[in-house]
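Letter by letter, the chains look like this.
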Amino acid sequence: MGNSTRQAAAMEAVHASISVLAELFSSDPGTSGLALEASAAGSWAADGVSAGGLNAAGLSADHPDASKNSAADAGTDLLQRAYDVRLDRLAEVSRLEAMLAAIKARDAAECAELQLAMTPPDASAQTRTFRGMSVVEEVAGVLTVSAAAAGALIASARQLCTLPLAMTELASGRMSWQHARIIADETDGLDAEAAAELTSHFLDPDDTDPARGCPAGELVPGRFRQKVRRWRERHHPESLETRHAKGFADRRIEFSPDRDGMAWVSGFLPATAASAICNRTTSLARGTQGPNEQRTLTQLKADIFAAALLGNGASKASQAGDFEESAGGFREQEVRGAVNDVQGLPGDHVNDVIPDGTAGFRDLSEVPVPAAQVLVTVPVFSLLGVGDEPAILDGYGPIPASMARKLVAEGASSFYRVLIDPRDGAPLEIGRKSYRLTEAMKRWLRLRDGKCPFPGCSNPSLDNEADHLLSWHNGGTTGISNLGQPCRKHHRLKHNSAWRPTAATKDEPPGWISPSGRQYKSEQQDWEPPEWPPGLLPGDRSPFEEALVLHLSG
């Protein structure tokens, strides 16, 4: 598609979107502060009077046949129509923003390309550098943003312009600029073929191996990034083992001051270490909760984290040799021991960071900790050591096969391994060590859903609750296809609003229908057939067999 044709198509799409918005404005049942002032909304609902002075039956408010019930229905119906129009406008504005973002991105990329074209071929490296800086600064000035933001925009835009499918989706309004930027970020560093394969997998429904579940543009950006990153890890030309070894050398703790006498402490750790610490802290916090505990779960987790690091556990952890490069992180048992060794509140330092009135830890080793197991999905061949395909850590994504083997070999108590079928990537079994069906079903739900299935929610499966989609008293069964695992917030929302889950299957979590009737498809796991080591696939020859045949034929 030529540049002029592309520009014409972009402007045509923008004009069409503006026309839709204009129609939505004209169809609005009331635009003079309708439903924005509680008194006006309340009086309409009570009196049954619409913006034109008529109720649902088309009768004036003082007509003798205008009953109170029909009047109330009319007011409610009018407000509902106004509510629906505003939702439709929000959706159309979002599409329009994406279309404009595509124009903005293409212009930013072409600014850089045009400046490059105007640079003499024999220009020095210094001249080229300053011309590039000049473009960034000028774009920053035009957009009234920082040079760093302008540079990031130009970099993402130039990357997207090499991916026609991504630019088409953005220009059509089917995905947002945030989604497009994620694709630019995750394809950076990949060769052209791998980048095109990633883009096609997520954006082309006719791809030979399309992504399962709802389309990319219907996933919130954070969830989309997780799916893209997980796929990228599995298909990256450089093995995850090699990349993890590089990342392991960069492990660190960082401190960031914040407002109101507060600050952040963050750690860049191997995934298994970070997961074990987070889940152990959550388990201890849940065990500390009780009728006399005033702190929230979030506050408890922060206090336990501070107590564990500033108490006796920190010194023991430093002597235990927590990190082993071969294991890829903390030994989970040692992390657990370090936390359990904290005896009550630590010394005076904790009083400096935990305000008066929030103290009162008992011995954390005596806290009843709920059983909390993180699912680790391990390809059979990786577990046997004949392959290096990544395993999947629940709530995180791909981890090196060596890390998964270490967890299984050492029997880390907070991790529960799940083997997958070498033919299609589906789970082979789950819960064989448990004789209680309900526990096995809960683990299967966690494996199927990966998180709370509510649209846009990223609450990890470990914190969620099994729930009947069709209530038991309405004839619902206790089977996987009638179960979901919403987080507590969305579990309560389901039972106290008109949000409804759609049907699920053994392998697909439920979607949702909003009170206004909008449908949101489920997000599904992208299971893939494992990689078979040479010689193990039926009909394949092993390297030894190939060498033997070659020797005998020579």
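These numbers were taken from a predicted model, which means no experiment stands behind them.

Quick notes on the rules
- Residues numbered from 1 in each chain as written.
- Predicted model: local features only at pLDDT ≥ 70, side-chain atom pairs only at ≥ 80, totals over all residues.
- Heavy atoms only, no water.
- Phe/Tyr/Trp six-rings, centres within 6.5 Å; stacked < 30°, edge-to-face > 60°.
- Helix = DSSP H or I, 4+ residues; strand = E, 2+ residues; numbered from the N terminus.
- Buried < 20%, exposed > 50% of the residue type's maximum accessible area, 1.4 Å probe, protein only.
- Expected span 1.5 Å × (residues − 1).
- Contact = heavy atoms within 4.5 Å.
- Salt bridge = Lys/Arg side-chain N within 4 Å of Asp/Glu carboxyl O.
- Patch = residues over 30% accessible without salt bridge, like charges linked within 9 Å, V, L, I, M, F, W, Y side chains within 5 Å.
- Areas by Shrake-Rupley, 256 points an atom, 1.4 Å probe, with all protein chains shown as cover.
- Pairing = 2+ DSSP bridges.
- Core = buried A, V, L, I, M, F, W, Y, C linked by side-chain atoms within 4.5 Å.

Novice: Which residues make up the packing of aromatic side chains, and what are the values?
Specialist: Under the counting rule described, the total for this entry stands at 5 aromatic pairs. Seen from their ring centres, F202 and F224 are 5.8 Å apart, and the 85 degrees between their planes marks the pair as edge-to-face. One end of the pair, F202, is in helix 8 (residues 192–203); the other, F224, is in helix 9 (residues 221–235), with 22 residues separating them in the sequence. On the accessibility criterion, F224 (0% relative accessible area) is buried.

Novice: Summarise helix 8; cite the residues concerned and give the values.
Specialist: For helix 8, spanning 12 residues, the distance from its first C-alpha to its last is 16 Å, which sits close to the expected 16 Å at 1.5 Å a residue. Residues of helix 8 that are buried include every one of A194, A195, L198, T199, S200, H201, F202 and L203, and no others. At its buried positions, helix 8 is contacted by helix 6 (164–171), helix 7 (177–187) and helix 9.

Novice: So what's going on with helix 7? Residues and values would help.
Specialist: Most of helix 7 is tucked away: 8 of the 11 residues are buried. Those residues of helix 7 lying buried are W177, H179, A180, I182, I183, A184, E186 and T187. G189 lies just past helix 7 and shows a positive phi near 95 degrees.

Novice: How would you explain the pattern of salt bridges if you had to name every residue and give the values?
Specialist: According to the stated counting rule, one finds 18 salt bridges in the structure shown. A salt bridge links R89 to D28, with the nearest nitrogen and oxygen atoms 3.1 Å apart. In this pair, R89 sits in helix 3 (residues 68–118) while D28 sits in the loop between helix 1 (3–26) and helix 2 (38–47), placing the two residues 61 residues apart along the sequence. According to the relative accessible area criterion, R89 is buried, its value standing at 13%. Between R518 and D88 there is a salt bridge; the shortest N-O distance is 2.4 Å. Of the two residues, R518 sits in the loop between strand 12 (512–513) and strand 13 (519–520) while D88 sits in helix 3, which places them 430 residues apart along the sequence. A relative accessible area of 23% places R518 in the partly exposed class. Among the charged side chains, a network of salt bridges with common partners joins D185, E186, R225, R229 and R232.

Novice: Describe a nonpolar patch on the surface, with residues and values.
Specialist: On the surface, I253, F255, V265, F305, L309 and L310 cluster together to form a nonpolar patch covering roughly 610 Å² of accessible area. For the nonpolar patch, the secondary-structure elements that each account for two or more residues are strand 1 (252–257) and helix 12 (297–310). In terms of residue count, the dominant contributor to the nonpolar patch is helix 12 (3 residues). Since its relative accessible area comes to 48%, L309 is described here as partly exposed.

Novice: Requested: an account of unusual backbone geometry, with residues and values cited.
Specialist: Residues other than glycine seldom take positive phi values, yet T144 does so here, at roughly 55 degrees. For T144, the location among the structural elements is in the loop between helix 4 (125–143) and helix 5 (147–160). You can call T144 exposed: its relative accessible area is 69%. In this model, D260 sits at a positive phi of 60 degrees, which is unusual for a non-glycine residue. Classification of D260 as exposed rests on a relative accessible area of 73%.

Novice: Give a description of the sheet that holds strand 12 that names residues and reports values.
Specialist: Pairing within the open sheet is antiparallel, and its 3 strands lie in the order 11-12-13. This sheet does not close on itself; its edge strands, each paired only once, are strand 11 (500–501) and strand 13. As judged from the 2 bridges shared by strand 12 and strand 13, these two strands associate in the antiparallel manner. Residue pairing for strand 13: I513 is matched across the bridge by Q519.

Novice: Before we move on, can you summarise the nonpolar core with the specific residues and values?
Specialist: Counting 38 residues, the largest nonpolar core has L170, W177 and F224 as its most contacted members. Of all the secondary-structure elements, those providing two or more residues to this core are helix 3, helix 4, helix 5, helix 6, helix 7, helix 8 and helix 9. No other element matches the 7 residues that helix 3 contributes to this core. Discounting residues that sit within four places of it in the chain, L170 has contacts with A98, M99, A101, A102, M175, S176, W177 and A180.

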